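As a plain string of letters, each chain reads:
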There are 2 protein chains.
Amino acid sequence: MNRLLSVYAADFQAVVQPGLLYKDMNRVLARHGLFFAPDPGANASLGGMIANNAAGTRTPKYGATRDNVLALEVVLADGQVIRSGSRSVKQSAGYDLTHLFVGSEGTLGLITEATIRLAPLPAHFSAATVAFPTLEAAAQAVSEMIGAGLGPAALEILDAASVGAMNGQEEFELPTMPALFLEFHGATEETLAAELSMAQAICGEHGARAFEAGIGREARSRLWAARHQLGEILPRVYAGLRYVGADVAVPISAFPALAAEATAALEGLPEAHPYLFGHAGDGNLHAMIFVEGDDSQYEEVRAAFNDRVVAAALRLGGTCTGEHGVGIGKRRYMVAEHGAEAVKVMWAIKRALDPLDLLNPGKVLPEEEGEE
Amino acid sequence: MNRLLSVYAADFQAVVQPGLLYKDMNRVLARHGLFFAPDPGANASLGGMIANNAAGTRTPKYGATRDNVLALEVVLADGQVIRSGSRSVKQSAGYDLTHLFVGSEGTLGLITEATIRLAPLPAHFSAATVAFPTLEAAAQAVSEMIGAGLGPAALEILDAASVGAMNGQEEFELPTMPALFLEFHGATEETLAAELSMAQAICGEHGARAFEAGIGREARSRLWAARHQLGEILPRVYAGLRYVGADVAVPISAFPALAAEATAALEGLPEAHPYLFGHAGDGNLHAMIFVEGDDSQYEEVRAAFNDRVVAAALRLGGTCTGEHGVGIGKRRYMVAEHGAEAVKVMWAIKRALDPLDLLNPGKVLPEEEGEE
């Protein structure tokens, strides 16, 4: 089930099977001048992206996967096949089953077909890398750029260690300092130049040291490829070590506070090699912390860092997972994020649709009170 | 419960109570340079807009209400209060209860608070009215403008009768011909001029007779006020007569076929005064057909017109209701649109959340097979 079934170019839509790989699909769609914008970095399957509501670098302008799914075909736990949604971008006919299945991580039904929204390939783009004295200064600039109404296609933050790893492995010569990578998409070069100029002014107010704008097509592709590969580069550097990851997201005005909290949380950690980076344009912070030592040390780092950063994200009005989903590891934050009563509603829906708990059991929802 | 509880200007968000009226709120938000973009025309309550997933003229650029709700507080049938979602624009933590409650028309819970997304007031706008020889020609131009990647803030279609009604009541001097009303929002006047110029070229290819661009601020406000009042003007013209309404939506490439089908469906109708108009930019067609005669004649018109136009919309990949919702009248199309199995899933969710059927009973979902 890996076929691109239809392309409705005039409607900016495609119908896909779940096994189709996202990058493979986008190569075909480029012939129509179109692309599927949510971009998790890896060459993920469309089914996985939809089940997980995947996102990535291009979310500030184009939204997450959930925002780009119009209709689904789903096999239910009892084997019945249903269709939800339609090809109309506007629809108000009954309960929104489509968005219920998106992000349900396979626990409510198996997605066998999806109608997705596409975007026109940008006529023009401009990219920039900016170096900052501190991660917090970079985060402040992000908050202010978004608050000023700038609409970047991508706006990534990296701490000095992450920039250093990219330099070392990919032969970039970026200053080894906290950085922002920006990209704007637009209809005209003039609009983009105006946006870049406003971005530069805001970055300057937050102590930006080096603002390298107007990166060419090839250098831009290399930069984004390297950014996407960070999650593969680092495990090679620390071959043999396990890492603790993070994926919290907050309202953009709270992003500087989140970055400060994450930085502070790293300070007390035992033997560990931390990297902070993320999709700053929508308040989404990642971490990879490589841990020396045994399982107990790993668990200590995981609990100390994640519990603190998740608690900070929730306190700041955010979420324990911006794009990676709940799976097993984050079930323990579900009640803190949603409250016990909302989790009961999720359980009620799960039981209504899958009474025998056949579909991806043990994922997303925490055990209920009173259960074994 | 009609208070604007918080404005998070830097995050483009507000927290509102359900009784707050949309136009009243936007007057306050204007002081922050912000507005809530979904625009049903009437001064609707936020709670009503959310429960119904209301939309209107500004959907092509800004989305419907569903696309602009981040979090809810909901009272469940058993009196428990839950919160869904968060203030993070990116969230993947569990089932998407927020979008399940949006558009559920009060049948799953009572919305008591909402966190909504705002947009910056446009720095510049341009508007135009365009006259066409036929409704189908206007619809073809719409399909082509959207397909070309133009992103209008509003793109309305009106048949000659609707334009005539606006002229008669509001002292416009528009040609009494099928028309499009366009509006673009943007950061610079240059971008808008380029978009208007492309729109004019496409309209010209479809026989546009009069393209009046660059309408000033006052004339533009008057034009949109009159367009929004069409639904109040017409019942005054036909005081005493009942009318049949319609609210179907299709993929934009199918909009010309839908317009043709609706025009054809009017031909066989008995004593009736029909008006076709709609939010063409997202494939959403409305009708108001004033019926002479008694109830049986009214029912005849309703069945003949609506059944045919809904069937056409579904055949074209669309929906029986783009923005008005299901209520009572459109329950009979739910199985045709979603299939019996998907309606069963909606019923399963309704039973799980409201087993005693206390919340707005008899709405949205059709009676199940075998029920009385």
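Here the structure is a predicted model, which means the values were calculated and not measured.

So, on to the confidence of the model for chain A. Averaged over every residue, the pLDDT of chain A is 94; the share at 70 or more is 99%. For this predicted complex, the interface confidence comes out at an ipTM of 0.95, alongside a pTM of 0.95.

Comparison of the two chain copies shows a relationship of rotation about an axis with a shift along it. Here chain B sits on chain A after a turn of 180° about the axis and a move of 0.0 Å along it, with an RMSD of 0.0 Å. The symmetry that links the two subunits is that of a two-fold axis. Most of the interface of chain B is mirrored in chain A, where 100% of its interface residues again form contacts.

Quick look at the interface of chain B and chain A now. In this assembly, 68 residues from chain B lie in contact with 68 residues from chain A. Approximately 5300 Å² of surface area, both sides summed, lies buried where chain B meets chain A, with 62% of it carried by carbon and sulfur atoms. When residues of chain B are sorted by the area they lose upon contact with chain A, K90, S92 and Y95 of chain B head the list and together hold 18% of the total. At the surface where chain B touches chain A, the tally comes to six salt bridges. At the level of elements, β5 (81–85), α4 (97–101), α5 (135–147), α11 (334–338) and α12 (340–353) of chain B are the ones that each hand at least two residues to the side of chain B that touches chain A. By residue number, the principal contributor to the side of chain B that touches chain A is α12 of chain B, which donates nine residues. The class makeup of the residues in the side of chain B that touches chain A is 29 nonpolar, 27 polar and twelve charged.

Residue and element names in this part refer to chain B. Look at helix α6 (residues 160–170) against helix α8 (residues 217–237): their axes get within 9 Å of each other, and the N-to-C directions meet at 95°. When the axis of α6 is compared with that of α8, the two are roughly perpendicular. Contacts between α6 and α8 pair S162, A165, M166, Q169 and E170 from the former with R222, L223, A226, R227, Q229, L230, I233, L234, R236 and V237 from the latter. Within the contact of α6 with α8, the residues separate by chemical class into eight nonpolar, three polar and four charged.

On to the packing of aromatic side chains. The tally for this structure, following the rule as stated, stands at twelve aromatic pairs over all chains. For the pair Y243 of chain B and F290 of chain B, a centre-to-centre distance of 5.3 Å together with 50° between the ring planes defines the contact as tilted. Taken as a pair, Y243 of chain B in strand β12 (residues 242–249) and F290 of chain B in strand β14 (residues 284–291) lie far apart in primary sequence, 47 residues in all. Ring plane angle 80° and centroid distance 6.3 Å describe the contact between Y275 of chain B and F290 of chain B, whose orientation is recorded as edge-to-face. In this pair, Y275 of chain B sits in strand β13 (residues 272–279) while F290 of chain B sits in strand β14, placing the two residues 15 residues apart along the sequence. Members of the aromatic cluster, connected to one another through ring pairs, are Y238, Y243, Y275 and F290 of chain A. Above the plane of the ring of Y298 of chain A lies R242 of chain A, whose end atom (NZ or CZ) is 3.8 Å from the centre.

Our next topic: helix α7 (residues 189–205) of chain A. Look at α7 of chain A: 25 Å from first C-alpha to last across 17 residues, which is about the 24 Å you get at 1.5 Å a residue. Burial in α7 of chain A covers these residues: T191, L192, E195, L196, A199, I202 and C203 of chain A. Down the axis of α7 of chain A, the sector holding all buried residues measures 130°, keeping them to one side. Exposed and oriented more than 90 degrees from the buried face of α7 of chain A are E189, E190 and E205 of chain A. Contacts made by the buried residues of α7 of chain A are with β8 (124–131), α5 (135–147), β10 (179–186) and β11 (210–213) of chain A together with α7 (189–205) of chain B.

A few words on the nonpolar core. In this structure, I116, L180 and F305 of chain A together with I116, L180 and F305 of chain B are the most contacted members of the largest nonpolar core, which totals 180 residues. In this structure L180 of chain B touches A128, T129, V130, F132, A138, A141, V142, M145, L155, E156 and I157 of chain B, once residues within four positions along its chain are discounted.

Quick look at the pattern of salt bridges now. Scanning the entire structure with this criterion turns up 36 salt bridges over all chains. We note a salt bridge from E341 of chain A to K344 of chain A, for which the minimum N-O separation is 3.7 Å. You can see E341 of chain A and its partner K344 of chain A sitting in helix α12 (residues 340–353), three residues apart, about one turn around the helix. The partner of D295 of chain B in a salt bridge is R242 of chain B, and the shortest N-O contact between them spans 2.9 Å. Highlighted residues: D295 of chain B in helix α10 (residues 295–315) and R242 of chain B in strand β12, separated in sequence by 53 residues.

In this section: the side chain of D282 of chain A. With respect to the helices and strands, the residue D282 of chain A is situated in the loop between β13 (272–279) and β14 (284–291). The buried category is assigned to D282 of chain A, whose relative accessible area is 3%. Other than its neighbours up to four places away in sequence, D282 of chain A contacts T59, P60, V250 and I252 of chain A together with V89 and K90 of chain B.

With that settled, the discussion passes to the sheet that holds strand β1 (residues 4–8) of chain A. Residue and element names in this part refer to chain A. The sheet built from five strands is open, its strands ordered β1-β2-β6-β4-β5 with antiparallel pairing. Each edge of the open sheet is held by one strand with a lone partner, namely β1 and β5 (81–85). Sheet twist, expressed as the mean angle between neighbouring strand axes with direction ignored, is 10°. Here strand β4 (residues 69–75) runs beside strand β6 (residues 110–117); their pairing, made up of six bridges, is antiparallel. Among the inter-strand pairings, A71 is bridged to a residue of β6, identified as T115. Lying over the sheet, helix α1 (residues 22–29) contacts β1, β2 (13–16) and β6, oriented at roughly 40° with respect to β1.

Scoring rules and cut-offs
Residues numbered from 1 in each chain as written. Chains lettered and ligands numbered in written order. Predicted model: local features only at pLDDT ≥ 70, side-chain atom pairs only at ≥ 80, totals over all residues. Heavy atoms only, no water. pLDDT = per-residue confidence, 0-100. Least-squares fit on C-alpha atoms with pLDDT ≥ 70 in both. Contact = heavy atoms within 4.5 Å. Buried area = accessible area lost by both parts, 1.4 Å probe. Salt bridge = Lys/Arg side-chain N within 4 Å of Asp/Glu carboxyl O. Helix = DSSP H or I, 4+ residues; strand = E, 2+ residues; numbered from the N terminus. Nonpolar A, V, L, I, M, F, W, Y, C, P; charged D, E, K, R; others polar. Axes fitted to C-alpha atoms, helices over the stretch in contact; angles between N-to-C directions. Parallel < 35°, antiparallel > 145°, perpendicular 65-115°, else oblique. Phe/Tyr/Trp six-rings, centres within 6.5 Å; stacked < 30°, edge-to-face > 60°. Lys NZ or Arg CZ within 6 Å of the ring centre and 35° of its normal. Expected span 1.5 Å × (residues − 1). Buried < 20%, exposed > 50% of the residue type's maximum accessible area, 1.4 Å probe, protein only. Arc of directions from axis to C-beta. Core = buried A, V, L, I, M, F, W, Y, C linked by side-chain atoms within 4.5 Å. Pairing = 2+ DSSP bridges.

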